[in-house]
Amino acid sequence: MTEMKPARKVALRVIVNGEEHEALVEPRRLLVDLLRDDLGLTGTHIGCEHGVCGACTVLLDGQTVRSCLLFAVQAKGHSVMTVEGLADADGSLHPIQAAFMAEHGLQCGFCTPGFLMTAYELLRANPAPDEEEIRAAISGNLCRCTGYQNIVRSVRAAAETMAAAAATPAVPA
Amino acid sequence: MVVEERTWVGKSVARREDPSILAGRGVYIDDIKLPGMLHAAVLRSPHAHARINSIDTSAAKQVPGVVAVLTGPAALEFVTPMPAFCAEPVVQHAIAIDRVRFVGEAVAAVAATSRYAAEDACQQISVEYEPLPALSTPAEALRPDAPKLHETLQSNVVFERTLRFGDVAGAFSSAAHIVKRSLRWHRMGAQPIETAGAVASFDPYSATMTVWSNTNMYNYIPWVFANLLKVPTNRLKMIPCLVGGSFGSKHLITKCFSIAGALTKATGKPVKFIEDRIDNLAANDNVGPDRFYDTELAVAEDGTFLGLRLNIVDDYGAYFQFAQGQHGNALSQPTGPYRIGALEYGIQCVLTNKVQQGFFRGAGSDHGNFALERLVDAAADELHIDAAELRRKNFIRPEQFPYRTPTGNVYDSGNYGRVLDRALAESNLAHWRREQERLRQEGRYIGIGLASCQERSAYSATEWWFWYDKPPLPLTTTPESVKLSIDAFGGFLLTLGCPFWGNSPSTVAAQVVAEEFGIDPATIAINYADSQSGALSAGPGGSRLTVMLSGAARGASRRVKEKMFRIAAHLLEAAPSDLELRDGTVRVKGAPNRAMSIADVALKAHLFKLDIPADEESGLAATFTYDHPFATRPSDDRTDMGAFYPIVSHACHVPVVEVDPETGRVTVLDYLAVNDCGTVMNPKLLEGQVVGGIAQGIGAALLEEYVYDEHGQLATSTFMDYLLPTAFDVPPSVRVVHEETPSPYTEFGVKGGGEGGRMVAPVALASAVEDALRPFGVSVNELPMTPERIVSWIEASRP
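Residues numbered from 1 in each chain as written. Chains lettered and ligands numbered in written order. Predicted model: local features only at pLDDT ≥ 70, side-chain atom pairs only at ≥ 80, totals over all residues.

(A) Inspection of the overall build of chain A at higher detail. Helix and strand counts for chain A come out as 5 helices and 5 strands. Listed N to C, the secondary structure of chain A is β-β-α-β-β-β-α-α-α-α in terms of helices and strands. Here the C-alpha radius of gyration of chain A, 17 Å, is about what a compact globule of 173 residues would show, namely 16 Å. The C-alpha extent of chain A, read off along each of the three principal axes, is 60 × 40 × 25 Å. Across the 173 residues in chain A, those meeting the buried criterion constitute 50%. (Helix = DSSP H or I, 4+ residues; strand = E, 2+ residues; numbered from the N terminus. Rg over C-alpha atoms; globule rule 2.2 N^0.38 Å. Buried ≥ 20, exposed ≤ 12 C-beta atoms within 10 Å, placed from the backbone.)

Dropping the structure here:
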């Protein structure tokens, strides 16, 4: 029998949705627990804890990762974006979020944050994906409610909205 | 028939919960955090069957952060055994006592200051097991020398009964053909992406238990939970959260309540228990029926169906939690959309070393659809009659409704021929038959499936117990309630007794209220009531909620409107019958200047008692409880089960698949679903339910199964082994179209639509794969049609 001792904690600094946070965590603490529990960002969900379902997907330095498979310390000094970072500062929904609402791309909504972050990454890299490319991008995320059809529609609709917005000359800040 | 002009009912009104959920602000059970809250983890059995000789928890208790460790016997101080709906003495504990009966059964539970510490502690618990022979199939459990799973039973057959309706012997003796099939429905489960969980907090000073959870039925049978937690029925407060999917698996989740409840009592602190994925897959209420069907269809020379025999062995796993309720469910529509006058339905319920059955979308009737439609395809083949025309010939005709089926259940309305016509017209059948012909020349195999099935909706609860002559819990009520309040400033608040389970109860109820008052549904606020403030509500389940909420929301609206009219009539010096409500204003008909806004009336009703009629109470709110619109009792001799699931939708699905005979891979190329679930309340939401259900049906048909090996080990305890459909497993486009045959028994004529896709798709796909493999002479009698199975069927078919 091994004697259990409290693990030495590691101090870390991480930028989440543009805001800097400091935390003191056990080395084994998962990134998803840091986000949900320590930082109170409960929009990221835990579905399977073995990297299959994708509900916990967040962006780490702009790339999608499974926050249930990363340790919090692996995010040390890096930048994380969660579903809470999608909407504008004034609260207005991001075009991807708005498209999911308009196209009924969610039912229970539990997997949705993972799909939103995955779609965000896709549309930044490929602003006009075709059906196959959308399905390929979301094929690592599980949804048990929708049958994916309306998720695909939502991503396509978001791409169209974002393309239209990009074509409109921006008002100088 | 007069067609009502409708503004909101029938429109694709946007969902109420979506913006918060999309912003990451939806509150699910794992988002609940209370001061001082502890976290629970569970140690589970690695054995399918073993005696527990001893459990040593001393090391676990030394783990930093651990507050309590409970074994089964210790937990009994705080909670009772699990509620069971069976009459037989099969006792199940949330934490096993003395013996474990399936892999994953809980052996101990830990509460600690973090989930990490709780899981550390589980690893420090040492359990001495004495393995016993594992019964991994009903055949093994039925052997005379098989060990008994429960000493309280005579054998591992926990229940057995055969029911006969109509002249079964006559039907079979007069038949020109008897079509026979042995069919298998495999064990699969709901697999919501959110697992089940509960946060329980016991206050010994007020003797009150407060529980947050993702369950249902807390406003229906809350006393079941109170009894489990050993608190008085009026001292339990159950608070709902948004639910991340259920599909039937979260109706009761009593294991979660029991574990969190026992630990909060043991520690004096709030305790959160959220299942991890293995907890949920291996040990919760996720699993649907697991059936072996022996079937026979008696058919006359001209193809008329005369009688049906279904004899079923059902593998219940280790306990009998919900008894044979899912066979009660199946008795609502065993003869499907057909005129079949005689039915034999026999069941043998067997216990084995697997997790016990719970509920999953379809609840037993889906397997009946599978058995019946497989038989009908077989009959078409054997009699050389076109499968669609054989169905049409035997359909209940439109003028025969309401139609009493052999079991006594009634079908309210339908037009099955019209649905079939639409399916044949819209499925591009001629094109696909040509393609089939052309591709076969190239050695490619596509197949076109067809299934015409019922979707019973709105249960009455008698099917939970009518297999028993002396039922333990003879509920006959499934009410649904809505409270509508208009505040002093005219703000509408709608209070529901049911939870949000991923369906759209608040949107539907708001549509109905908006329709009644002529207001925008977006202005109506929603409250999901807890068990101490909500009115009776059986909640989601059995495709009932749109039907029942339509009745409840309309009833509450009318009560409030009547009071509003009485008050306005008094103030406007008119008779209530002279008033009308338009654009949020109560007006005297024909006198446009004599009018009051809803807000004006509401202010008077709330705060100016002396201005309203003397016999009116202050306030402007009403609760309406809508009881089941058409339910009758079973007869004492059980030759007539009564009307218990009479709001009956219908669907015809036509999938097109390609099967690769080398690899066994099935690709769904096209999918058409023609649906008739009466008046469509919200087309977009209904389409979502149907398409989502079809995806689960694709999982059932092609991917999903619980695999237990010969030692009772579960080989599919993660999503790496238990395969759910991904975006590439569903076809690029599922087309859903609707016929609308309104129900005569419900408000607006709505019928249920939540389970239909799931209840029809598996057998439609079986039909399609069989059609594709026709050149090999393969019969599809079991699911899922995995690559291994398909290749083995083709191999077996070679001479």
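(B) How the structure looks around the interface of chain B and chain A. Chain B puts 47 residues into the contact, and the matching count from chain A is 42 residues. Only α1 (18-22), α2 (58-62) and α18 (683-703) of chain B provide two or more residues apiece to the side of chain B that touches chain A. Here the element with the most residues in the side of chain B that touches chain A is α18(B); it accounts for 7 residues. Of the residues in the side of chain B that touches chain A, the class split is 26 nonpolar, 11 polar and 10 charged. (Contact = placed C-beta atoms within 7 Å. Nonpolar A, V, L, I, M, F, W, Y, C, P; charged D, E, K, R; others polar.)

(C) Quick look at the sheet that holds strand β22 (residues 525-528) of chain B. Residue and element names in this part refer to chain B. Spatially, 4 strands are ordered β22-β21-β20-β26 in an open sheet, and the strand pairing comes out mixed. Each of the sheet's edge strands pairs with one partner strand only, and the pair in question is β22 and β26 (621-626). If you compare each strand with its neighbour and ignore which way they point, the axes differ by 20° on average. One ladder, built from 6 bridges, connects strand β20 (residues 480-486) with β26; its direction is antiparallel. Looking at β26, one finds that E480 is bridged to Y626. Seen against the sheet, helix α16 (residues 545-572) touches β20 and β26 and runs at an angle of roughly 145° to β26. (Pairing = 2+ DSSP bridges. Axes fitted to C-alpha atoms, helices over the stretch in contact; angles between N-to-C directions.)

(D) Inspection of unusual backbone geometry at higher detail. With an omega dihedral of -5°, the bond running from F401(B) to P402(B) counts as a cis peptide bond. For P402(B), the location among the structural elements is in the loop between α12 (387-394) and β16 (403-404). Here the amide bond leading from L783(B) into P784(B) is cis, since omega sits at -10°, within 30 degrees of zero. Notably, Y148(A) is not glycine yet its phi reads approximately 70°, a positive angle.

(E) Fine view of the domain arrangement of chain A. Residues and elements named next belong to chain A. Per the domain assignment, the segments making up chain A are domain 1 (10-85) and domain 2 (95-166). Put simply, the middle of domain 1 and the middle of domain 2, counted by C-alpha atoms, are 22 Å apart. If you look at the interface, domain 1 gives 15 residues, while domain 2 gives 11 residues. Among the secondary structure elements, those contributing two or more residues to the side of domain 1 that touches domain 2 are β3 (57-60) and β4 (63-66). Examining the composition of the side of domain 1 that touches domain 2, we find that 3 residues originate from one element, β3, more than from any other. Taken together, the residues of the side of domain 1 that touches domain 2 break down into 7 nonpolar, 8 polar and no charged. (Domains from an automatic or database assignment.)

(F) Molecular detail of the sheet that holds β4(A). All names here are of chain A. Pairing within the open sheet is mixed, and its 5 strands lie in the order β2-β1-β5-β3-β4. The open sheet has two free edges, formed respectively by β2 (19-25) and β4, since each of these has just one partner strand. Each strand of the sheet is rotated relative to its neighbour by a mean of 40°, with strand direction disregarded. In the sheet, strand β1 (residues 10-16) pairs with strand β5 (residues 79-81) via 2 bridges, with the strands oriented parallel. If you follow I15 over to β5, its bridge partner there is S79.

(G) Representation of the pairing of strand β1 (residues 38-44) of chain B within the structure. Residues and elements named next belong to chain B. Here β1 lies mainly inside the structure; 7 of its 7 residues are buried. Neither face of β1 is open: one carries L38, A40, V42 and R44, the other H39, A41 and L43, and all of them are buried. Judged from the 2 bridges that link them, β1 and strand β12 (residues 271-274) form a sheet pairing that is parallel. The residue of β12 that forms the bridge with L38 is V271. In the sheet, β1 pairs with strand β5 (residues 106-112) via 6 bridges, with the strands oriented antiparallel. Note that in β5 the partner of A41 across the bridge is V110.

(H) How the structure looks around the nonpolar core. Residues and elements named next belong to chain B. Core analysis: the biggest nonpolar cluster contains 318 residues, and A40, V110, A260, L263, V513 and V769 have the highest contact counts within it. With 13 residues, the top contributor of residues to this core is α16. Ignoring anything within four residues of it in the chain, the contact list for V513 reads L484, F492, L494, I524, A553 and S557. (Core = buried A, V, L, I, M, F, W, Y, C linked by C-beta atoms within 7 Å.)

(I) Highlighting the domain arrangement of chain B. All names here are of chain B. What the domain assignment lists for chain B is domain 1 (18-22 + 479-626), domain 2 (30-133 + 194-283) and domain 3 (410-458 + 645-799). Computed from C-alpha atoms alone, the centre-to-centre distance between domain 2 and domain 3 is 38 Å. Tallied by class, the residues present in the side of domain 2 that touches domain 3 amount to 5 nonpolar, 2 polar and 1 charged.

(J) Molecular detail of the packing of α16(B) against helix α17 (residues 598-607) of chain B. Residues and elements named next belong to chain B. Interaxial distance between α16 and α17 falls to 10 Å at its minimum, and their mutual angle equals 90°. Put simply, α16 runs roughly perpendicular to α17. Facing M564, I567, A568 and L571 of α16, the residues of α17 in contact are I598, V601, K604 and A605. The class makeup of the residues in the contact of α16 with α17 is 7 nonpolar, no polar and 1 charged. (Parallel < 35°, antiparallel > 145°, perpendicular 65-115°, else oblique.)

(K) Inspection of the packing of helix α15 (residues 505-517) of chain B against α16(B) at higher detail. All names here are of chain B. For the pair α15 and α16, interaxial distance at closest approach is 9 Å and the crossing angle is 35°. Here the hand of the crossing between α15 and α16 comes out right-handed. Across the interface between the two elements, P505, V508, A509, V512, V513, E516 and F517 from α15 touch L545, T546, L549, S550, A553, R554, S557, R558 and K561 from α16. Class assignment for the residues of the contact of α15 with α16 results in 9 nonpolar, 3 polar and 4 charged. (Left-handed = near helix turned anticlockwise from the far one by under 90°.)

(L) Just the environment of N311(B), in detail. With respect to the element layout, N311(B) can be found in strand β14 (residues 305-317). With 178 residues separating them in the primary sequence, N311(B) and F489(B) have C-alpha atoms 62 Å apart.

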